[in-house]
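Here's the letter readout for the chains.
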Amino acid sequence: VKSFRVWRIFRSTLKRQKITDYELLLFWILIMIPAISIITLWTIISTPTAALVTRGGEKHYVCTTGGFTGYPGGYIFFAILVAYGSAVLLLGVALSILTRKVPSQFNESKLLAISIYNLGFLSAVIIPVYLVVQEYNPYIAWILRSAAILYAFTATLVLQFASPFIGILFLDRCRNKKRTISLVRPSSTS
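Residues numbered from 1 in each chain as written. Predicted model: local features only at pLDDT ≥ 70, side-chain atom pairs only at ≥ 80, totals over all residues. Heavy atoms only, no water.

J.: Just checking my understanding: could you explain helix H4 (residues 109–136) for this structure?
T.: Residues spaced three or four apart along an α-helix face the same direction, because each turn holds 3.6 residues. Along its 28 residues, H4 runs 41 Å from first to last C-alpha, staying within 8% of the 40 Å computed at 1.5 Å per residue. For H4, the complete set of buried residues consists of Ser109, Ser115, Ile116, Asn118, Leu122, Ile126, Tyr130, Val133 and Gln134. Looking at the buried side of H4, the elements it contacts are strand S1 (48–55), strand S2 (58–65), helix H3 (71–98) and helix H5 (138–171). (Helix = DSSP H or I, 4+ residues; strand = E, 2+ residues; numbered from the N terminus. Expected span 1.5 Å × (residues − 1). Buried < 20%, exposed > 50% of the residue type's maximum accessible area, 1.4 Å probe, protein only. Contact = heavy atoms within 4.5 Å.)

The following block contains the structure:
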């Protein structure tokens, strides 16, 4: 949403634009409504339940789909949610391409592109591996899924906040750098 604001401000240099925080909040809500609706409908229609299943000679609680749809409903809603998430990521890719030539103090397109690549690559690898491993050993599948979620969250936060954090702690040594500009020329004494 922040990249959208930067893109709208810098897309035409001759036209002054103001995008309020209220407009950004509204745009963010519009992006979140479909995801929340998908998850709510998924919970109502294909209610996730736990079933005790024997796999590899051991009993495991495995998340299955109940509700009105039965077994395939969970995969269908998962595919819908992944498709929507992919559409949002593609919007982020388009915004990072459109804002790549914005002045550097406003430009976050590199960080956004790296984060999107990281999440996309992780999803392309982990989702198929998880779906295959789930059938053989649910415990390993749970470890893979949990590690992937932790990695994606941590990597995105580190990419976004490590550079400013290092700059504040080590370069500025936690001191408030005051920058003053003198508009009055000093008088010379003779």
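J.: Is there a simple way to explain the pairing of S2 in this structure?
T.: Note on strand geometry: in a regular strand, side chains alternate between the two faces of the sheet. Pairing of S1 with S2 involves eight bridges; the strand directions are antiparallel. In the strand pairing of S2, leucine 52 is matched with tyrosine 61. Joining the antiparallel neighbours S1 and S2 is a turn of two residues, in which glycine 56 adopts a positive phi near 65°. (Pairing = 2+ DSSP bridges.)

J.: Just checking my understanding: could you explain helix H2 (residues 21–45) for this structure?
T.: Spanning 25 residues, H2 covers 36 Å between terminal C-alpha atoms, matching the ideal 36 Å at 1.5 Å per step. Along H2, the sharpest kink reaches roughly 30°, centred on methionine 32 and followed within four residues by the proline proline 34. Looking only at H2, the buried set comprises Leu24, Ile31, Ala35, Ile38 and Trp42. Packed against the buried residues of H2 are helix H1 (2–10) and H3. (Bend = angle between axes of the 7 residues up to and from the residue.)

J.: I would appreciate a short explanation of a nonpolar patch on the surface in the present structure.
T.: On the surface, a cluster of nonpolar side chains totalling about 620 Å² of accessible area is made up of Val1, Leu25, Leu26, Trp28, Ile29, Leu30 and Ile33. Summarising the element assignment, tryptophan 28 is placed in helix H2. (Patch = residues over 30% accessible without salt bridge, like charges linked within 9 Å, V, L, I, M, F, W, Y side chains within 5 Å. Areas by Shrake-Rupley, 256 points an atom, 1.4 Å probe, with all protein chains shown as cover. Salt bridge = Lys/Arg side-chain N within 4 Å of Asp/Glu carboxyl O.)

J.: What is the right way to look at the side chain of serine 46 in this model?
T.: Take serine 46: it is sitting in the loop between H2 and S1. Here threonine 69 takes part through its side chain, which lies 2.4 Å from a polar atom of the side chain of serine 46. Contacts of serine 46, omitting those with residues within four sequence positions, involve Leu41, Thr65, Gly66, Thr69, Gly73, Gly74 and Phe77. (Polar contact = N/O pair within 3.5 Å; in protein donor to acceptor, adjacent residues only side chain to side chain.)

J.: Explanation requested: the packing of aromatic side chains in the structure shown.
T.: Here a ring pair, both rings aromatic, is described through the centre-centre distance and the interplanar angle of the planes. In this structure the tally under the stated criterion is three aromatic pairs. Geometrically, the ring pair formed by tryptophan 42 and phenylalanine 77 is stacked, given 6.3 Å between the ring centres and 10° between the ring planes. Placement of tryptophan 42 in helix H2 and of phenylalanine 77 in helix H3 is noted, with a sequence separation of 35 residues between them. You'll find tryptophan 42 and phenylalanine 77 in the same group, each marked buried. Arranged with centres 6.1 Å apart and planes meeting at 20°, the rings of tyrosine 139 and tryptophan 142 form a pair that is stacked. Here tryptophan 142 and tyrosine 139 lie together in helix H5, a separation of three residues that amounts to about one turn. (Phe/Tyr/Trp six-rings, centres within 6.5 Å; stacked < 30°, edge-to-face > 60°.)

J.: Would you mind going over the environment of threonine 43 with me for this structure?
T.: Within the element layout of this structure, threonine 43 appears in helix H2. Taking the C-alpha atoms as reference, threonine 43 lies 9.5 Å from glycine 66; in sequence the two are 23 residues apart.

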